[in-house]
Amino acid sequence: MEKLSVRKCVVVSVGLYPGNAKHALARAGPVGGDVVFLVNSEPRIVPEGILRGRREQPIQAMEALHKFINELDSEVNVVDVWLDPKDGIATSVARLRSLIETYVPCRVIISMAGGFRWLSAALMFLALALASVGPYVGVVVDSVFAMLEEESPSVRALFRSVEERVVPWPVVPRLASLTYDEYRVLKLIGLGRHRAKDIHGELNRDCKKPGGCISMATVQRTLVKLIKKGLIGYEKRGRAHYYELTPLGLMLVGKLKAQ
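Below is a summary of the structure that appears in this document. (Residues numbered from 1 in each chain as written. Predicted model: local features only at pLDDT ≥ 70, side-chain atom pairs only at ≥ 80, totals over all residues. Heavy atoms only, no water.)

### Side note on the overall build of the protein chain
- Across its full length, the protein chain carries nine helices and eight strands.
- For the protein chain, the C-alpha atoms occupy an extent of roughly 70 × 50 × 30 Å along the three principal directions.
- Across the 259 residues in the protein chain, those meeting the buried criterion constitute 45%.
- A separation of at least 24 residues holds for 71% of the contacts in the protein chain among residues at least 6 apart in sequence.
- Surface summary for the protein chain: the accessible area is close to 13,500 Å², and the carbon and sulfur share equals 54%.
- Across the protein chain, the mean location of the 36 positive side-chain charges is 9 Å away from that of the 26 negative side-chain charges. (Helix = DSSP H or I, 4+ residues; strand = E, 2+ residues; numbered from the N terminus. Buried < 20%, exposed > 50% of the residue type's maximum accessible area, 1.4 Å probe, protein only. Contact = heavy atoms within 4.5 Å. Areas by Shrake-Rupley, 256 points an atom, 1.4 Å probe, with all protein chains shown as cover. Lys, Arg positive; Asp, Glu negative; His and termini not counted. Charge placed at Lys NZ, Arg CZ, Asp CG, Glu CD.)

### A word on the pattern of salt bridges
- Considering all chains together, one arrives at 12 salt bridges under this definition.
- Salt bridges here are not isolated pairs; linked through shared partners, they connect Arg 97, Glu 101 and Lys 255. (Salt bridge = Lys/Arg side-chain N within 4 Å of Asp/Glu carboxyl O.)

### As for the nonpolar core
- Judged by nonpolar contacts, the single largest core of 52 residues is most densely connected at Val 11, Phe 37, Ile 100, Val 108, Ile 110, Leu 223 and Leu 252.
- No other element matches the 11 residues that helix H4 (residues 117–137) contributes to this core.
- Apart from residues no more than four positions distant in its own chain, Ile 100 is found in contact with Val 11, Phe 37, Cys 106, Val 108, Leu 126, Leu 130 and Val 139.
- Listed in part, the 22 residues of the second largest apolar core include Val 12, Val 14, Ala 113 and Phe 145. (Core = buried A, V, L, I, M, F, W, Y, C linked by side-chain atoms within 4.5 Å.)

### Remarks on the packing of aromatic side chains
- The tally for this structure, following the rule as stated, stands at four aromatic pairs.
- Ring plane angle 75° and centroid distance 5.7 Å describe the contact between Phe 37 and Tyr 103, whose orientation is recorded as edge-to-face. With Phe 37 in strand E2 (residues 35–41) and Tyr 103 in the loop between helix H3 (89–101) and strand E4 (106–112), the pair connects residues that are 66 residues apart, well separated along the chain. Comparing Phe 37 with Tyr 103, the two get one shared label, buried.
- When the centroid spacing of 6.1 Å and the interplanar angle of 50° are considered together, the rings of Tyr 234 and Tyr 243 count as tilted.
- Judged by its relative accessible area of 48%, Tyr 234 is partly exposed.
- Connected via pairs of aromatic rings, a cluster forms that spans Tyr 136, Tyr 180 and Tyr 183.
- The lysine or arginine in question, Arg 27, covers the ring of Phe 145, its NZ or CZ lying 5.2 Å from the ring centre.
- The ring of Tyr 242 is capped by Arg 237, whose NZ or CZ atom sits 4.2 Å from the centre of that ring. (Phe/Tyr/Trp six-rings, centres within 6.5 Å; stacked < 30°, edge-to-face > 60°. Lys NZ or Arg CZ within 6 Å of the ring centre and 35° of its normal.)

### What about helix H6 (residues 180–190)?
- Of the residues making up H6, those classed as buried are Glu 182, Tyr 183, Val 185, Leu 186, Leu 188 and Ile 189.
- Those residues of H6 that are buried lie in contact with H4, helix H7 (196–203), helix H8 (216–228), strand E7 (232–237), strand E8 (240–245) and helix H9 (247–253).
- Of the residues trailing H6, Gly 192 is marked for its positive phi of about 105°.

### Here we look at H7
- All of the buried residues along H7 are Ala 196, Ile 199, His 200 and Leu 203. Burial along H7 is one-sided: seen end-on, the buried residues are contained in an arc of 100°.
- Of the surrounding elements, those touching the buried residues of H7 are H6, H8 and E8. (Arc of directions from axis to C-beta.)

Here it is in structure tokens:
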């Protein structure tokens, strides 16, 4: 059997200052075939009056990191991800998770290195979401760490070495506990199958067994479990119930492209 090739997917938040992101990338050690996601926040250019010290325009920080990565290994694939805080955490997490899933199987390293605090929150939820669905999509969360604000003189004075400024997570918990059948049903709802009848039909599309391999009763029980876990909600229209993802469900299976 041919050995499965597993790449590293390195996710790093950037901001206005590329220094911490460079340290995070050097720590992660991407090589040819790996993917680096540089995550920054809109706007890409900010008024010059708010730039102080060694901070750069967000777009300039991203360009500096492209050059740095190319010097590490020119075969590393770099993906710029610009998120807008107006979209909210759930949508931002769904975009990032969807993008990472296009590169599976992979081991994921996540670093909260720079940027606004909401970017760090988005990467935190990303780690929890990937830990929840990883076994079903081919993702293993290898490590997650935060970096103290290196551009702060007080931080540099108190923590003189780079390693002192790295704060690793001791564990990556799951955002929700899911069985494989629950994941499949949740994913179908995210893909637009909003009625139990449609979900049941899709699950049994390729089943040769008379009456289907998965009963309607099993689908309905699974839907009830997903409601209790806060992953879906529903609206009654006539005699049918239409199921939709909650923000929690959106983070786990929502299919959104990063901008």
